[in-house]
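# Summary of structural features
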Amino acid sequence: MRFGVVVFPGSNCDHDAWYAVRANLGNAAEFLWHNDPTVGQVDAVILPGGFSYGDYLRCGAIAKFSPIMAAVKRFAREGGLVLGICNGFQILVECGLLPGALIRNRSLRFICREVKLETVTTISPFSQSSEKGRILRIPIAHGEGCYYADERTLDELEAEDRVVFRYVDNPNGSLRDIAGILNRERNVMGMMPHPERASDPLMGSIDGLAVFQSMAAALAVNQPATACHDHPHS
Amino acid sequence: MTTLTPEIIAAHQLTEQEYERIVTLLGREPTYTELGIFSVMWSEHCSYKSSRLHLKKLPTESRLVVQGPGENAGIIDIGNGHAIAFKIESHNHPSFIEPFQGAATGVGGILRDIFTMGARPIAVMDSLRFGPLDDPQVGARNRRILSGVVAGIAHYGNCFGVPTVGGECVFDPSYNGNPLVNVFALGIFRKDEIFYARARGVGNPVIYVGAKTGRDGIHGASMASAEFTEESKQKRPNVQVGDPFMEKLLLEACLEAMRTGAVVGIQDMGAAGLTCSTCEMGSRGGTGIEIELARVPQRETGMTPYETMLSESQERMLLVVEQGREEEVFQVFRRWGLDAVTIGVVTGDGLLRVRENEVAVAEIPNRALADEAPIYDRPHTAPRRTAPMEGPRFSSRNLTNDLKTLLAAGDLCSKRWIFEQYDYMVRTNTTQGPGGDAAVVRIKETGTSIAMALDGNGRYCCLSPREGARLAVAECCRNLSTVGALPVAATNCLNFGNPERPEIMAQLVEAIEGMAEACSFFDTPITGGNVSLYNETLGEAVYPTPVVGIVGLMKTAQPVTIDFKLYGRPIVLLGGLGRCDAARFGSTQYAKVILKRLWGLPPALDLDYEKRVQTAARDIVSAGLAGAAHDVSDGGLAVALAECCFGASGVGAAVDLDSDLPPEILLFHEGPSRILIATAQPEQVARIARKYRVQAPVIGATMRGSLRIRRKGVVLVDCDVKSLRAIWEGALEKALEG
């Protein structure tokens, strides 16, 4: 199976996500360009962290108009797995694939640190390799990561078991300690913490690998091995 | 045409003699535009006219040095076909005038210096100095400057996608009117991918890339070459505005353009903008450059040639491309949505020829600008010194309270409030981030790691610039050795006052000589750097503050960190308890924070012993014998021990020191050549220490939950780690947010 990592102008965790999938997970991965009209032959899409188009407007507000995002939306509608990390999460809420919004951290400052996340549900292709209640050590690095939504949406997210990760010590003021959520169809997840930064023992934690391993496992079940077109990648 | 009156010439900070030299070099009077061009190229900032003579004393070569001073950054060979480029630069003046943009563009400038050589930036560090946050007169301003500078660095580095992996932050009234913001950057490339800022090949097109040119930053270089006065605040428009997103695009596009093979030479437009990049590229390439200003992309209308040539608008690059292959390069820039325009051509006549709508507005030999700037042997006497040699009598009432006070002091407290605003992990290479003795990034391409550290000590240098500079180099190397890295090369940023004052010039000369001696001794040549003079406000100079950045090579592995992890582990003080007399105690943090005085001399340094301690430390660390390691520096042994207790595990320590030194001196003196090591195998550590004839007493062991320090059985300090840690961690935020 192949992972596609979208490169927007200003993406800066694109290579890290690619490296985590390729080197740490040992899977095929390729880059998708923001101007491409299609996601090509990939089986999962990752929207990486960074500052797409500079994020001088609201984070992700411009990225949602890029040609690749129209393709990503189609891909998601057809059931493809889409993971948005940090800026990728912001883009997913901006383009309506996920509910709510991400606003400035309560401290009004950028925060970079390792945080503890509780795995709230394992009924998802992004967390099935974790265990319910398992605590993951994964870093955050964002200025606008405070998850915000109206009460009804928050209730709905919880009632439908769509909160995947919660902060153990809420670093940014996110409502109900939400760190990562699913869409209703459970094939799109956005999370502010960076699993790709916790995928290599040298980086101090490999808890983030659970996210990529879950995706790989979910794809392996959905696709018989013969349908898996894995080309060598330079 | 503007007549060049003596007032106009003086306003360009050119002396009468310098003006005459210009007339001689040109064989005629310069035009107004030419005067502007000379004024920036001959400014202290660009020409190093006061320091050049003395900078020659620095060692610049070793078997690893690929490129020494004179290019955009120094380069060293790290093996496996790869090299690193690195440099430190100051942005002091702009950061005082406009902290956020001043610091942000400081980061932008040094990043361009790195990637203009073809290297991808992989780490940034900052050395910052501010006035005290609780200063009764200007505390509020100091707090605003600190917050602005940190936010500016974060804004630029985070968006660009380079990790800010470490640095230092010091507070002293000497920086009240003139903060120091020094930024270090390091990048990696293959050895066969190095690009130089040279214009070669007559007829090759000169291409302008990146942001459009505006009126911002005009005279930035000459602003950085004058003292601050009350009017300086009106110079705010001289500070440029940074756009890290544009810089990120430039990075990707330039590296991609370089891979086409069509790029002959490339230089960023930093200080003195278009002027500096054109004449320096021509001068280095032994060629001339002719440009047409009407083709320069402009953000404002009606800009004069003078303004266009002197603008310091950010995020611009100048490329020389092989004739006929322009389209390959344009294609890359189009893909990244960037403006790229041919604005001129390389010529064979050695002249910088500037035209506007085909009318010549300047015609100057490149060499006159870049290499014929005046060099001054400015008079220097004895270094300025205001501190007495003898200090007060003192005797502590409560050493535990003294330790708490020190841990809450600005220089020693946790800098978490600062470094958590920096993305120090992006690129997933940071194996040791901020808060360690040195930062460490692994190199995915080679399977090795690079360690780096910044050190400066204005307080020591104020007492003895020569000894202070040697100590800075020694400490920086010690920081690297403590994490297991071999120091191999250095870059420096020399922050001083007005060199036209002989007692300030003397500080500069002595500091350079001290640094030269230590860098030669440790075989860490200076491969480049920056001199920042005129750091004065209303005649009050900052402490002489040479800052050194040193890089070290090591194998990739889990780094040894400062914090004690397990209890019951013996603690070795490699190097021993050290010595210190009353005069040498006057430079310590204890003298500064507790006694509120400064006197005497910096700690005594024995270079040979220092080197042996460091070699032993590297052997111990690379043999896997150190569970924790931390160098003893500011605040002395007691502060270093406390810092070792501030890890996640909350492990403390109990030590008993066999010494006759007075308790205050024993606990808090800052004698160098000492490293704390927690180890499960003290005998093996001792064996290595013996090999290098280095003392290595076992002073105690780690224990659960508290820090207890005795001298010959008598308790000096006893406190639970939790409360010490709370003081240390909360102090900066408390000082900033009241």
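## Some words on the overall build of chain B
What chain B contains, in helices and strands, is 25 helices and 28 strands. Seen through its principal axes, chain B has C-alpha atoms that stretch 85 × 50 × 45 Å. Evaluated residue by residue, chain B yields a buried proportion of 63% over its 738 residues.

## Remarks on the overall build of chain A
Within chain A, the regular secondary structure consists of five helices and 11 strands. Its C-alpha radius of gyration of 16 Å places chain A within 12% of the 17 Å reference for a compact globule of 234 residues. A total of 234 residues make up chain A; the buried ones form 56% of that total. Taking as baseline every contact in chain A between residues at least 6 positions apart, the subset at least 24 positions apart corresponds to 75%.

## Remarks on the sheet that holds strand β3 (residues 44–47) of chain A
Residues and elements named next belong to chain A. The strand order across the open sheet built from nine strands is β2-β1-β3-β4-β11-β10-β9-β6-β7, with neighbouring strands paired in mixed fashion. Of all the strands in the sheet, the pair left with one neighbour each is β2 (28–33) and β7 (135–142). Taking the axes of each pair of neighbouring strands and ignoring which way they run, one obtains an average angle of 25° across the sheet. The sheet contact formed by strand β1 (residues 2–7) and β2 spans six bridges and is parallel. Its bridge partner being in β2, Val7 is matched across the sheet by Trp33.

## Details of the pairing of strand β22 (residues 570–574) of chain B
All names here are of chain B. Burial analysis of β22 places four of its five residues in the buried class, which makes it a mostly covered element. Pairing between β22 and strand β26 (residues 698–704): three bridges, direction antiparallel. When the sheet's bridge partners are listed, Ile571 is paired in β26 with Gly700. Here β22 runs beside strand β25 (residues 675–679); their pairing, made up of four bridges, is antiparallel. Along β25, the bridge assignment pairs Leu574 with Ile675.

## Digging into the pairing of strand β24 (residues 651–657) of chain B
All names here are of chain B. The buried fraction of β24 amounts to five of the seven residues, a majority that puts the element mostly inside the structure. Two strands pair when backbone bridges link them, and β24 and strand β27 (residues 706–711) are joined in this way by five bridges, in the parallel orientation. From the neighbouring strand, Val655 faces β27, where its bridge partner is Ile709.

## Here's the deal with the interface of chain A and chain B
Listed by partner, the interface residues are 21 residues for chain A and 21 residues for chain B. Only α1 (14–24), β6 (111–119) and β7 of chain A provide two or more residues apiece to the side of chain A that touches chain B. Examining the composition of the side of chain A that touches chain B, we find that three residues originate from one element, β6(A), more than from any other. For the side of chain A that touches chain B, the class distribution of residues is 11 nonpolar, four polar and six charged.

## Digging into the sheet that holds β25(B)
Residues and elements named next belong to chain B. One open sheet accounts for seven strands, arranged β23-β25-β22-β26-β24-β27-β28; its pairing is mixed. Two strands in the sheet have a free side with no partner beyond their single neighbour: β23 (626–631) and β28 (714–720). Taken over all neighbouring pairs, the strand axes of this sheet differ in orientation by 20° on average, direction set aside. The strands touched by helix α25 (residues 721–737) within the sheet are β24, β27 and β28, with β28 carrying the most contacts at an inclination of about 70°.

## Section: α25(B)
Residues and elements named next belong to chain B. Over its 17 residues, α25 extends 24 Å from the first C-alpha to the last, a length consistent with the 24 Å expected when each residue adds 1.5 Å. The largest bend in α25 is about 45°, located at Gly730. For α25, the set of buried residues is Val721, Leu724, Arg725, Trp728, Ala731, Leu732 and Ala735. Residues of α25 that are buried sit in contact with α15 (399–407), α16 (416–419), α22 (636–644), β24, β27 and β28.

## What to know about the environment of Leu463(B)
Residue and element names in this part refer to chain B. For Leu463, the location among the structural elements is in helix α17 (residues 458–463). Residue Leu463 is classed as buried on the basis of its 26 C-beta neighbours within 10 Å. For Leu463 and Pro388, which are 75 residues apart along the polypeptide, the C-alpha to C-alpha distance reads 9.2 Å. Excluding residues within four positions of it along the chain, Leu463 makes contact with Ala387, Gly468, Ser587, Gly600, Leu601 and Pro602.

## Some remarks on helix α10 (residues 244–259) of chain B
Residue and element names in this part refer to chain B. Look at α10: 23 Å from first C-alpha to last across 16 residues, which is about the 22 Å you get at 1.5 Å a residue. Counting buried positions along α10 yields 13 of 16 residues, so the element is predominantly enclosed. At the exit of α10 stands Gly261, carrying a positive phi of roughly 85°.

## Focus on the packing of helix α7 (residues 99–115) of chain B against α10(B)
Residue and element names in this part refer to chain B. In the contact formed by α7 and α10, the axes pass within 11 Å of each other and the chain directions differ by 5°. With respect to their mutual orientation, α7 and α10 come out roughly parallel. Contacts between α7 and α10 involve Gly108, Leu111 and Phe115 on the former and, on the latter, Pro244, Glu247, Leu251, Cys254 and Leu255. Classifying every residue of the contact of α7 with α10 by side-chain character gives six nonpolar, one polar and one charged.

## Examining the packing of helix α8 (residues 139–160) of chain B against α10(B)
All names here are of chain B. Relative to each other, α8 and α10 sit at 35°, their axes nearing to 8 Å. The interaxial crossing formed by α8 with α10 has right-handed handedness. Touching His155, Tyr156, Cys159 and Phe160 of α8 are Pro244, Phe245, Glu247 and Lys248, all from α10. For the contact of α8 with α10, the residue count by class is five nonpolar, one polar and two charged.

## Looking at the environment of Ile145(B)
All names here are of chain B. When you line up the elements, Ile145 lands in helix α8. Each C-alpha atom, one on Ile145 and one on Leu133, is 9.7 Å from the other, the two residues being 12 residues apart in sequence. Once residues lying within four places of it in the same chain are set aside, the contact partners of Ile145 are Phe96, Pro99, Phe130 and Pro179.

## Details of the confidence of the model for chain A
For chain A, the mean per-residue pLDDT works out to 94, and 95% of the residues sit at or above 70. Contacts of residues 225–234 of chain A to residues separated by more than four positions or lying in other chains number eight contacts, the stretch itself having pLDDT below 50.

## Quick look at the nonpolar core
All names here are of chain B. Of all hydrophobic cores here, the largest spans 327 residues; its most connected members are Met41, Ile84, Ala451, Val473, Leu574, Leu641 and Cys645. Top contributing element to this core by residue count: helix α19 (residues 502–521), with 11 residues. Filtering out sequence-adjacent residues up to four positions away, Leu574 remains in contact with Val613, Ala616, Ala617, Arg674, Ile675, Ile677, Ala689, Val694 and Ala696.

## Examining the environment of Asp207(A)
Residue and element names in this part refer to chain A. Its location among the elements puts Asp207 in the loop between β11 (188–191) and α5 (209–222). For the pair Asp207 and Leu136, spaced 71 residues apart in the sequence, the C-alpha separation amounts to 5.4 Å. Those residues in contact with Asp207 that lie beyond four places of it in its chain are Leu136, Arg137, Ile138 and Ala198.

The rules behind the values
Position numbers for residues start from 1 in each chain and track the written sequence from start to end. Following the order in which they are written, the chains are lettered starting with A and the ligands numbered starting with 1. Local features in this predicted model are restricted to residues whose pLDDT is 70 or higher, and side-chain atom pairs enter the listing and the counts only when it is 80 or higher, whereas totals over whole chains, interfaces and linings include all residues. Under the DSSP-based scheme used, a helix requires at least four consecutive residues in state H or I and a strand at least two consecutive residues in state E, with every element numbered from the N terminus. Counts of 20 or more other C-beta atoms within 10 Å of a residue's own C-beta define buried residues, counts of 12 or fewer define exposed ones, and intermediate counts define partly exposed ones; C-beta atoms are placed from the backbone. Atoms considered for the radius of gyration are the C-alpha atoms alone. The globule rule reads 2.2 Å times the number of residues to the power 0.38. Throughout, a residue-residue contact means that the two C-beta atoms, derived from backbone geometry, are no farther apart than 7 Å. Note: two strands are recorded as paired if DSSP finds a minimum of 2 bridges between them. The angle between two axes is taken between their N-to-C directions and runs from 0 to 180 degrees, where each axis is a line fitted to C-alpha atoms and a helix contributes only its stretch in contact. Note on residue classes: Ala, Val, Leu, Ile, Met, Phe, Trp, Tyr, Cys and Pro are nonpolar, Asp, Glu, Lys and Arg are charged, and everything else, Gly too, is polar. Each residue after the first adds 1.5 Å to the expected span of a helix. Bend is computed residue by residue as the angle between axes fitted to the seven residues ending at the residue and the seven residues starting at it. An angle counts as roughly parallel when it lies under 35 degrees, as roughly antiparallel when it exceeds 145, as roughly perpendicular when it falls between 65 and 115, and as oblique in every other case. The handedness criterion is simple: a crossing whose near helix is rotated anticlockwise from the far helix by less than a right angle is left-handed, and one whose near helix is rotated clockwise is right-handed. As a per-residue measure, pLDDT tells how confident the predictor is, with possible values from 0 to 100. Nonpolar core, as used here: buried Ala, Val, Leu, Ile, Met, Phe, Trp, Tyr and Cys residues forming one set through C-beta atoms within 7 Å.

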